[in-house]
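# Tertiary structure, described
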Amino acid sequence: MTTFNPTDLRNRIEKLGDLPTLPHVVQRLAAMIGRPTVSTEEIGSIIEKDQVLAAKVLRLANSPFYGFPSRISSVTHAVIVLGFNVVKGLTLCASALSIMKEAGMDQLWRHSLGVAITANLLATRLEIKNPEELFVSGLLHDIGKVVLYVKWPDVGDSIKDALKTRADRSLFEVEQELTGLSHADIGGCLANAWHLPVSLREPILFHHDPTLAKEAMLHTAIVHVADILVKGLACGNPGDDLIPPLSRAAWDMVGLDEPQLAECIDKAANEFSTIDDYL
Amino acid sequence: MRRVVPYELLPDMVLAKPVVNANGLPIVAAGTILDAAMIERLRQMELTSVYVEGDALDSGGKTLAELEAELEHRFRQVVQDPIQQLILRTLRTHVRATHGMASVTEGPQAT
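Residues numbered from 1 in each chain as written. Chains lettered and ligands numbered in written order. Predicted model: local features only at pLDDT ≥ 70, side-chain atom pairs only at ≥ 80, totals over all residues. Heavy atoms only, no water.

### Considering the packing of helix α14 (residues 217-233) of chain A against helix α3 (residues 82-98) of chain B
Inclusion rule: Axes, fitted as lines to C-alpha atoms, cover a helix only where it is in contact. Angles between the N-to-C directions of the axes lie from 0 to 180 degrees. In this text, helices come from DSSP runs of H or I with a minimum length of four residues, and strands from runs of E with a minimum of two, each type numbered from the N-terminal end. In these notes the angle categories are as follows: under 35 degrees is roughly parallel, over 145 is roughly antiparallel, 65 to 115 is roughly perpendicular, and the rest is oblique. It is the rotation of the near helix from the far one that decides the hand of a crossing: anticlockwise by less than a right angle makes it left-handed, clockwise makes it right-handed. Any two residues having at least one pair of non-hydrogen atoms within 4.5 Å are treated as being in contact.
Contact geometry for α14(A) and α3(B): axes closest at 10 Å, N-to-C directions at 45°. Here α14(A) is positioned oblique relative to α3(B), judged by the angle of their axes. The two elements α14(A) and α3(B) meet at a crossing, and its hand is right-handed. Contacts from I228(A), L229(A), G232(A) and L233(A) of α14(A) reach α3(B) at Q84(B), I87(B), L91(B) and H94(B).

Put into structure tokens, the structure is as follows:
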């Protein structure tokens, strides 16, 4: 069994050439999360410069998920009706999608979309200020896997080989065993490199151990719980089928009782079936 | 509810959402039971997809028993956690409901 040195891998992460790069326009938008002074026109004009992104924003704005009665034909109009934060999230989503689809990780994309929808539902129920941020964190929570399994096939293949012989070990555990790092650590490094705010970075970095979060505790707890529910629902495939251990502290923060849990699962499965094609 | 492309439509499927035209006006109502003529019309409309009643997630042609066995298998490492038991139970109810079974209440096994 090949093992890897975590220091070497961290050095590899730091070589930016190895990272899936976020398009420039998305980096600019991501940096604006938390800056409430940006105007609708400013955002609209940034997105309009990227035709692919503009098309995706308009497509989602016109999807049955939002169900607006009349056609939304300009990005600025989309920003007005969907809200600035949703559009910021959408642009990040569009990028995460193209990164995962280019990497041939459609099943990971489906899993991530499921977690995004579920995290957004939980956040809305908890009346969190920007629930769409949770959608984005859900979508990006496994982004480290793209690096681990696509950009570094030597490392990824060793992990997959080791996983085959150990049916009762999770991908996360085998990654840590072989490399001293996990996809969550690598995702955290990516989030740093992309200058994502802490509300997105901590859920990515700590979604397997939400008690380590220092600032975005509730965000991290939500993504942790959503990940488990979606693995249970088996929408998409994140690389292994084992349900990871649940943090009791995170579960208590999310605060679902039995009927609320059932409602959340039904809603998530339903939304998943309607939104899948629109991103 | 699930989304299918028009060529996957079969007679007796039930529309879960209305089919709308390019202006967003409904032209076939939700709840409509499809017959061959209606399916042919929908296919000619160049729709990207249609929503029909049924399993929300793609069950890949698996039976309910297979889906339930897979569900149990995914929880094999965490079944001792009472919260995970609650999640498993709720997911099982969901799987049964989306497979057309009325919700099944869990109780002691009949002997």
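### Regarding the packing of helix α4 (residues 51-61) of chain A against helix α5 (residues 75-82) of chain A
Residues and elements named next belong to chain A. For clarity, the cut-off: Any residue that is not Ala, Val, Leu, Ile, Met, Phe, Trp, Tyr, Cys, Pro, Asp, Glu, Lys or Arg is counted as polar, Gly included; the first ten are nonpolar and the last four charged.
Running from amino to carboxyl end, α4 crosses α5 at an angle of 45°, the nearest separation of the two axes being 10 Å. Between α4 and α5, the angle falls in the class oblique. Along this stretch, α4 crosses α5, giving a crossing that reads as left-handed. Contacts between α4 and α5 involve A54, V57, L58 and A61 from the first element and V75, A78 and L82 from the second. The residue makeup of the contact of α4 with α5, split by class, is 7 nonpolar, no polar and no charged.

### What about the side chain of H94(B)?
Stated precisely, the cut-off is as follows: Between N or O atoms, a polar contact is any pair within 3.5 Å; within protein, one atom must be a potential hydrogen donor and the other a potential acceptor, and residues adjacent in sequence are included only when both atoms are from side chains.
Among the secondary structure elements, H94(B) is positioned in helix α3. In terms of polar contacts, H94(B) uses its side chain to reach the side chain of D266(A), at 2.6 Å. Apart from the residues lying within four places of it in its own chain, the contact partners of H94(B) are L233(A), I265(A), D266(A) and A269(A).

In short, the description is geometric, and any link to function would need to be established separately.
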